[in-house]
Amino acid sequence: MPSTETTRSEPLREPLKALLGGNTAKAMADHLGLHTVGDLLHHYPRRYAERGELTRLSDLPLDEHVTVVARIHDARVHKFNRGKGQRLEVTLTDGSGRLQLVFFGRSVHYHQRELLPGKRGMFAGKVGVFNRKLQLSHPDYKLLDEESDQETVERFANALLPLYPACRQLTSWNIEQSVSTLLTALEATGWRGLADPLPEALRTQRGLIPLPEAFEKVHRPRTKADIGQARSRLKWDEAFVLQVALARRRAKETELPAVPRRPTPGGLLEAFDARLPFTLTEGQQRVSREIFADLATEHPMHRLLQGEVGSGKTMVALRAMLATVDAGGQAAMLAPTEVLAQQHHRSVTEMMGELAEGGMLGGAEQGTKVVLLTGSMGAAARRKALLDLATGEAGIVVGTHALIEDKVTFDDLGLVVVDEQHRFGVEQRDALRSKGKQPPHLLVMTATPIPRTVAMTVFGDLEISVLDQLPAGRSPIATHVVPARDKPHFLSRAWERVREEAEAGHQAYVVCPRIGDDEEDKAPGARGKRAAELEEVDEPEAEEDGDGEEKRPPLAVLDIAAQLAAGPLAGLRVEALHGRMQPEAKDEVMRRFAAGEVDVLVATTVIEVGVNVPNATGMVIMDADRFGVSQLHQLRGRVGRGSAPGLCLLVTDMPPESPARTRLDAVAATLDGFELSRIDLEQRREGDVLGQAQSGVRSSLRMLAVIDDEDIIAEARDEAAGVVAADPGLESHPELRTALAALLDAEREEYLDKG
């Protein structure tokens, strides 16, 4: 990366305050996260309005700030509170639907004089619902037909009108005016100092316009062709800069030394394979070959293993760990929660049997020791585990963040397996990798199916293996939406189905979004370091207001468990499980559920990953609309893991036409996690594909749509790999180096490792 001195003259790095004034710059920073000239120039219009084009009011998203262009149909003042209060209701129309504006108080008569039927304008505000009608309350507006605003009228008449993502403090036309100010100032300097990230040869070959022209055409287009040219150019910028950063990271990885880890003939891996009561799927065998080939090299493996719930990722990872132990190394599996670490440890030791008892009475001769290391372990057990790791007696360790602590040392760490990569930061992953004498090999696992383009974008520095084939014997899962508010008898039938599963000798889960104890209302920081280490993430990943009405609090595990035990499931063995229970208590509940001593487990999303109870055939997800698509798919994967078919019921209060119901219907319609991940991504609209909520930084992807722009991403990846291979330090591409600093600062680039 270039130094600060290199980039200081870059106009895109200039603070907005220098060109727009303090108040406007502060509002942009506080409310839109825009700090520099580059930030604002990359804040592209959401869409464009044309003269004669009527914005589709019927498609407005609820609970979002929008700008609409429409015509006033009527305006009426209504009295209320026995004549003491008054409100102005203005109806906008566009041919597809209607939108109501409402004003209260002293401003009513002023707005009534302004907002006359037949006038056309831009109206900005937050979309709500009142009496089942879409409504903007006290919106900002700018009339487009005023004779006194001739400049606005002419611009509207002769060009496309950009409509920007906005907020209450900054309307679309405020942003447009600020962008115009920047463009005028930059044009006056001839765009001096602007770094163009695309090599000239690449730009010419692809027929892409220069960067200043792209900025001009995206913000001040005269034709739709202008917009198309600008978008093509700016998408290439984003894809190419990102892929160059990832290509440099991949190149850096291949320069590191690593100890080759090849399985020993007649060793632990062969003994394990001979014990298996089933044949590995074709997919498991193929992915294992890819991993073993990487392990045999003198550079660290850096591979992502993704696959459907139940596709056998743990089996593949275990075989890689056994191969590492065969080659004289140790393997560590890092899990995000204690429940998951305990589950993995139990699964590994059960699958290995006597092979997991190396050095112990009754253990296999070629076996090794498998230890568990978590923050809640007793002092004696912890000391023993640490000693086994330091001496090399333990070939495999499964643990949580406790593995990363300074006092944990390995005899010869050869492989790190990270489960559910999105729960870990790059610092944690690297801290564990640094415990090897040389950089250990790395295998990252995720049960969240990721479309190819997202994988190339988010995990672009990892080689990717995909398990898309379920093992033989896995049963289909039937999924249905239960509209509890509209058809309460459907919910009664859902509990009857749970009882039928239990009476047939099977078990069921009931999932709720909330725990329901007093701890819930405390700030996360109040829970302290110890509670944080117990680290269960008991929150749903998404919540959506389906119809604009204020939603009741989410249903809670403790409440629902008590209601079910006393009501529709009376007589069945009902127990609760959540992330704020003590580890011993959680483990005991899961042990008894796995042993068939509990009929119905009422839980939070603590069961989302890793829990494997083949006898569990039913799942009821309460308030299912409060969960995201991927999370629902993960939860559903906990049932149907045995020979009996699975049943998943998605309970919701949302009306059929709401976006939340559309999401639930999509989950019910397919078991294909990759298809659902595409739907999930498409529904996020301008969501940050690099995980803005997790990273705390803005993504550099503002124009690129990872679902729609697969070709650009793939081509940019190839071009970037060629540039980096020929010039790893980008010495002959100074402008690309500068653009990397401007568009992909150090914090954001580091986050690429986190997924």
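Residues numbered from 1 in each chain as written. Predicted model: local features only at pLDDT ≥ 70, side-chain atom pairs only at ≥ 80, totals over all residues. Heavy atoms only, no water.

**Q** How should the overall build of the protein be read in this particular structure?
**A** Helices and strands together make up the secondary structure of the protein, namely 28 helices and 21 strands. Here the protein, with 755 residues, has 55% of them falling under the buried criterion. Within the protein, residue pairs in contact and separated by at least 24 positions form 76% of the contacts whose partners lie at least 6 positions apart. Surface exposure of the protein reaches about 32100 Å², of which carbon and sulfur atoms provide 49%. (Helix = DSSP H or I, 4+ residues; strand = E, 2+ residues; numbered from the N terminus. Buried < 20%, exposed > 50% of the residue type's maximum accessible area, 1.4 Å probe, protein only. Contact = heavy atoms within 4.5 Å. Areas by Shrake-Rupley, 256 points an atom, 1.4 Å probe, with all protein chains shown as cover.)

**Q** Help me out: how do you make sense of the nonpolar core in this one?
**A** In a soluble, globular protein the nonpolar side chains are often hidden away together inside. If you look at the biggest cluster of nonpolar residues, it comprises 39 residues, and the most contacted ones within it are Met352 and Leu415. Beyond its immediate sequence surroundings of up to four residues, methionine 352 is in contact with Phe272, Arg275, Leu318, Leu322, Thr368, Val370 and Ile396. Grouped together as the second largest cluster of nonpolar side chains are 34 residues, Tyr164, Leu170, Ala230 and Leu234 included. (Core = buried A, V, L, I, M, F, W, Y, C linked by side-chain atoms within 4.5 Å.)

**Q** Honestly, the packing of aromatic side chains in this entry has me stumped. Any pointers?
**A** Aromatic ring pairs: the centre-centre distance and the angle between the two ring planes describe each pair. Summed over the entire model, instances satisfying the criterion amount to five aromatic pairs. Every member of this aromatic cluster is reached through a ring pair, and the members are Phe103, Phe123 and Tyr141. (Phe/Tyr/Trp six-rings, centres within 6.5 Å; stacked < 30°, edge-to-face > 60°.)

**Q** Got a minute to help me understand helix H14 (residues 338–352) in this structure?
**A** Residues that lie three or four places apart on an α-helix share one face, since the helix turns once every 3.6 residues. For H14, spanning 15 residues, the distance from its first C-alpha to its last is 21 Å, which sits close to the expected 21 Å at 1.5 Å a residue. Of all 15 residues in H14, 11 are buried, a share of seventy percent or more. Buried within H14 are the following residues: Glu338, Val339, Leu340, Ala341, Gln342, Gln343, His344, His345, Ser347, Val348 and Met352. Within two residues after H14, glycine 353 carries a phi angle of roughly 60°, on the positive side. (Expected span 1.5 Å × (residues − 1).)

**Q** What am I meant to see in the sheet that holds strand E20 (residues 616–621) here?
**A** Two modes of strand pairing occur in sheets, parallel and antiparallel, and in both the strands are linked by backbone hydrogen bonds. One open sheet holds the six strands; their spatial order is E16-E21-E20-E17-E19-E18, and the pairing between them is parallel. The open sheet has two edge strands with one neighbour each: strand E16 (477–483) and strand E18 (574–577). Neighbour-to-neighbour, the strand axes of this sheet turn through a mean angle of 20°, independent of strand direction. Summarising the sheet, E18 and strand E19 (residues 600–603) pair through four bridges and their orientation is parallel. Residue pairing in the sheet places alanine 576 in a bridge with valine 602 of E19. (Pairing = 2+ DSSP bridges. Axes fitted to C-alpha atoms, helices over the stretch in contact; angles between N-to-C directions.)

**Q** Help me out: how do you make sense of the side chain of glutamine 86 in this one?
**A** Among the structural elements, glutamine 86 can be located in strand E3 (residues 85–93). Take glutamine 86: its relative accessible area is 19%, and that puts it in the buried class. Of note is the side chain of glutamine 86, whose polar atom sits 3.4 Å from the side chain of histidine 109. In this structure glutamine 86 touches Val77, His78, Lys79, Phe80, Phe103, Phe104, Gly105, Val108 and His109, once residues within four positions along its chain are discounted. (Polar contact = N/O pair within 3.5 Å; in protein donor to acceptor, adjacent residues only side chain to side chain.)

**Q** Teacher, can you tell me more about the environment of leucine 491 here?
**A** Turning to its location among the elements, leucine 491 is positioned in helix H18 (residues 488–503). Between the alpha carbons of leucine 491 and valine 620 there is a distance of 9.8 Å; along the sequence they are 129 residues apart. Those residues in contact with leucine 491 that lie beyond four places of it in its chain are Val482, Ala484 and Val651.

**Q** Hey, could you run me through the pairing of strand E9 (residues 302–307) in this one?
**A** Among the six residues in E9, six count as buried, and that is most of the element. By the alternation rule, side chains of E9 split into His302, Leu304 and Gln306 and Arg303, Leu305 and Gly307, which are all buried. Examined bridge by bridge, E9 and strand E15 (residues 463–467) share five bridges and lie parallel to one another. Pairing of glutamine 306 across the sheet is with valine 466, part of E15.

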